[in-house]
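Single-letter residue listing:
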Amino acid sequence: MGHVLVLNASYEPLNITTWRRAMVMLLKGKAEGLEHDPEKVIRPDHFLPTVIRLRQFVRVPYKPLPLTRRNVFHRDGHACQYCGFSGEQLSIDHVVPRSRGGTDVWENVTTACLPCNVRKGNRTPREAGMPLTREPRRPLGSLSFEANRRIRSGQHQEWAKYVIGA
């Protein structure tokens, strides 16, 4: 049926859970519903929640988003950061090439189509005359990363007011 955004008592996004788990938290009084889907009725007096807020504050340790090909492609919108091409022939490019001391960090990797990656070669974007459309940055966190993906795809527009950078 759908996923539900779980907010801490401070309105900070904590998690994305199933609608069943969200309903259990609502019925036990551990959370309150903030946003509901008016078209989906669970019981005559309960609509399907899309955003809930915990009544008690929960302390959660920070967990950084891992640097993977999939996450880099998602961060860059599955488009070449040099020419804007969006298709199947995408690769990972190091802004400062590895042979020149570039490392595998969020700020040094970007999405590039194969022709741009070959054309840039063993040079920096400035040396190759190929400016980046967007500077590579570390995403805020895995939850906001996933929530932003769902908001951009049009699945949960109501989450936008609770997620930073949406």
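Treat the numbers as computed from the prediction; the structure is a model and nothing was measured.

In terms of regular secondary structure, the protein is built from five helices and six strands. Secondary structure elements in the protein, listed N-terminal to C-terminal, are β-β-α-β-β-α-β-β-α-α-α. Taken along the three principal axes of its C-alpha coordinates, the protein extends 65 × 35 × 20 Å. Taking as baseline every contact in the protein between residues at least 6 positions apart, the subset at least 24 positions apart corresponds to 55%. Taking the average location of the 26 positive side-chain charges in the protein and that of its 15 negative ones, the two points are 4 Å from each other.

It is worth spelling out the pattern of salt bridges at this point. Summed over all chains, the structure comprises six salt bridges. Measuring nitrogen to oxygen at the nearest pair gives 2.9 Å for the salt bridge that ties Arg 75 to Asp 76. Its salt-bridge partner being Arg 134, residue Asp 76 comes within 3.8 Å of it at the nearest N-O pair. Of this pair, Asp 76 sits in the loop between helix H2 (69-75) and strand S5 (90-94) while Arg 134 sits in the loop between helix H4 (125-128) and helix H5 (142-152); the two residues are 58 residues apart in sequence, bridging distant segments of the chain. Judged by its relative accessible area of 42%, Arg 134 is partly exposed. Salt bridges linked by common partners bring Arg 75, Asp 76 and Arg 134 together as one network.

A separate point is the pairing of strand S1 (residues 3-7). For S1, a buried count of four out of five residues is recorded, marking the element as mostly surrounded by other parts of the structure. Where S1 meets strand S2 (residues 13-18), five bridges bridge the pair, whose relative direction is antiparallel. Pairing of Val 6 across the sheet is with Asn 15, part of S2. Taken together, the three bridges between S1 and strand S4 (residues 46-54) define a ladder with parallel strand orientation. Directly across from Val 6, in S4, lies its bridge partner Ile 52.

This part takes up the environment of Asn 15. Turning to its location among the elements, Asn 15 is positioned in strand S2. For the pair Asn 15 and Leu 143, spaced 128 residues apart in sequence, the C-alpha to C-alpha distance is 6.4 Å. If we skip the residues at most four places from it in the chain, Asn 15 touches Val 4, Leu 5, Val 6 and Leu 143.

Below, the discussion takes up the sheet that holds strand S3 (residues 31-43). Within the open sheet, the four strands sit side by side as S2-S1-S4-S3. Their pairing is mixed. Only two strands of the sheet have a single partner each, and these edge strands are S2 and S3. For this sheet, the mean angle separating the axes of adjacent strands, direction not counted, is 25°. On the sheet, helix H1 (residues 19-27) packs against S1, S2, S3 and S4 and is oriented at approximately 75° with respect to S4.

Once that is clear, we can look at H1. Looking only at H1, the buried set comprises Trp 19, Ala 22, Met 23, Met 25 and Leu 26. End-on, the buried residues of H1 take up no more than an arc of 160°, which puts them together on one face. Turned more than 90 degrees away from the buried face of H1, the exposed residues are Arg 20 and Leu 27. Looking at the residues trailing H1, positive phi occurs at Gly 29, about 80°.

Rules behind the numbers
Residues numbered from 1 in each chain as written. Predicted model: local features only at pLDDT ≥ 70, side-chain atom pairs only at ≥ 80, totals over all residues. Heavy atoms only, no water. Helix = DSSP H or I, 4+ residues; strand = E, 2+ residues; numbered from the N terminus. Contact = heavy atoms within 4.5 Å. Lys, Arg positive; Asp, Glu negative; His and termini not counted. Charge placed at Lys NZ, Arg CZ, Asp CG, Glu CD. Salt bridge = Lys/Arg side-chain N within 4 Å of Asp/Glu carboxyl O. Buried < 20%, exposed > 50% of the residue type's maximum accessible area, 1.4 Å probe, protein only. Pairing = 2+ DSSP bridges. Axes fitted to C-alpha atoms, helices over the stretch in contact; angles between N-to-C directions. Arc of directions from axis to C-beta.

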